[in-house]
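Here is what each chain is made of, one letter per residue.
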Amino acid sequence: MSKDGRQLRERWVKHGVELLRAHKGHMGIIIYLRREGLSAEIAKQTSYDIFDEAKRRFKKKQRWLVVLAWILIAVGLGMPVVQAMIGIPVVLIWFGPFVAGVSLLGRLHNPGRLPEE
């Protein structure tokens, strides 16, 4: 691939990440490529590569939120055990971090790819 082709692909991937962040999905990438001047068939074919790379980068940017969510869940589940070991009566304080972690995991966006036909 030529230098211009790599730069163009990189620009499309960066814009694809922004589209995924805005919950536009794979179809949003196809529409964007159409606006860039590609024909419908070429835009669809190109979109699979762009989507895969954009999703990889998007998920990488979300990784710290996934780690934070699992830490909150672990704290929430581990707190009653620690309280029981120490001898403190188990209180529903653990419920807050647990619900926050589950809620955070549930709100993370996982864009789906269109089937190749």
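Residues numbered from 1 in each chain as written. Predicted model: local features only at pLDDT ≥ 70, side-chain atom pairs only at ≥ 80, totals over all residues. Heavy atoms only, no water.

**Looking at the environment of Glu10**
Note the following rule: For the purposes of this entry, the term helix denotes a DSSP run of H or I that reaches at least four residues, the term strand denotes a run of E that reaches at least two, and both are numbered from the N terminus. The buried label applies to any residue whose accessible area, calculated with a 1.4 Å probe on protein chains only, is under 20% of its type's maximum; exposed applies above 50%, and partly exposed to all values in between.
On the secondary structure map, Glu10 appears in helix H1 (residues 3-21). Residue class for Glu10 comes out partly exposed when judged on its relative accessible area of 27%.

**Some details on the pattern of salt bridges**
Oppositely charged side chains may form a pair once their charged atoms are brought near each other. The line we're drawing: When a carboxyl oxygen of Asp or Glu lies within 4 Å of a side-chain nitrogen of Lys or Arg, that pair is called a salt bridge.
Tallying each qualifying case throughout the model produces seven salt bridges. Note that Arg113 is salt-bridged to Asp52, the shortest N-O span being 3.3 Å. With a gap of 61 residues between them, Arg113 in the segment after helix H4 (95-107) and Asp52 in helix H3 (residues 40-86) connect regions that are remote in the sequence. Taking the relative accessible area as the measure of exposure, Arg113 reaches 38% and is therefore partly exposed. Taking relative accessible area as the criterion, Asp52 reaches 37% and is therefore assigned partly exposed. Of the charged contacts in the structure, one is a salt bridge between Glu53 and Arg57, with a shortest N-O distance of 3.0 Å. Note that Glu53 and Arg57 are positioned in helix H3 at a spacing of four residues, about one turn of the helix.

**Looking at the side chain of His109**
Worth spelling out the cut-off: Two N or O atoms count as a polar contact when they lie within 3.5 Å, although within protein this holds only if one can serve as hydrogen donor and the other as acceptor, and sequence-adjacent residues are included solely when both atoms are side-chain atoms. For this analysis, residues touch if any pair of their heavy atoms sits within 4.5 Å.
Relative to the assigned elements, His109 resides in the segment after H4. Within the structure, His109 has its side chain in polar contact with the side chain of His23 (distance 3.1 Å). Leave out the neighbours within four places in its chain, and His109 touches Leu20, His23, Phe58, Lys59 and Gln62.

**Here's the deal with the confidence of the model for the chain**
In low-pLDDT segments, the atomic positions of the prediction should not be examined closely. Keep this limit in mind: Values of pLDDT, the confidence the predictor places in each residue, fall between 0 and 100.
Per-residue confidence for the chain averages 90 on the pLDDT scale, and 99% of its residues sit at or above 70. Put simply, H1 is where the chain has its lowest mean pLDDT, 90, and helix H2 (residues 25-35) is where it has its highest, 93.

**Describing H2**
Regarding H2, the residues found buried are Gly25, His26, Gly28, Ile29, Ile30, Tyr32 and Leu33. Elements in contact with the buried residues of H2: H1 and H3. Backbone geometry just after H2 places Gly37 at a positive phi near 110°.

**Details of the packing of aromatic side chains**
Geometry of an aromatic ring pair is reported as the spacing of the ring centres plus the angle between the planes. Worth spelling out the cut-off: Each Phe, Tyr or Trp ring (for Trp, its six-membered ring) is paired with any other whose centre lies within 6.5 Å, and the angle between the two planes then decides the class: stacked below 30 degrees, edge-to-face above 60, tilted in between.
Under the definition given, this model contains two aromatic pairs. Taken together, a centroid distance of 5.7 Å and an interplanar angle of 90° make the contact between Trp94 and Phe95 edge-to-face. Relative accessible area serves as the criterion here: at 44%, Phe95 is assigned to the partly exposed category.

**Looking at H1**
For clarity, the threshold we go by: The span expected for a helix works out to 1.5 Å for each residue beyond the first. Arc, as used here, means the arc of the directions from the helix axis to the C-beta atoms.
Helix length check: H1 (19 residues) gives 27 Å between terminal C-alpha atoms against 27 Å at 1.5 Å per residue, within 8%. All of the buried residues along H1 are Trp12, Val13, Gly16, Val17, Leu19 and Leu20. Along the axis of H1, the buried positions cluster into a sector of 160°, meaning they face one direction only. Facing away from the buried side of H1, by more than 90 degrees, are the exposed residues Lys3, Asp4 and Lys14. Trailing H1 by a residue or two, His23 shows a phi angle of about 65°, which is positive.

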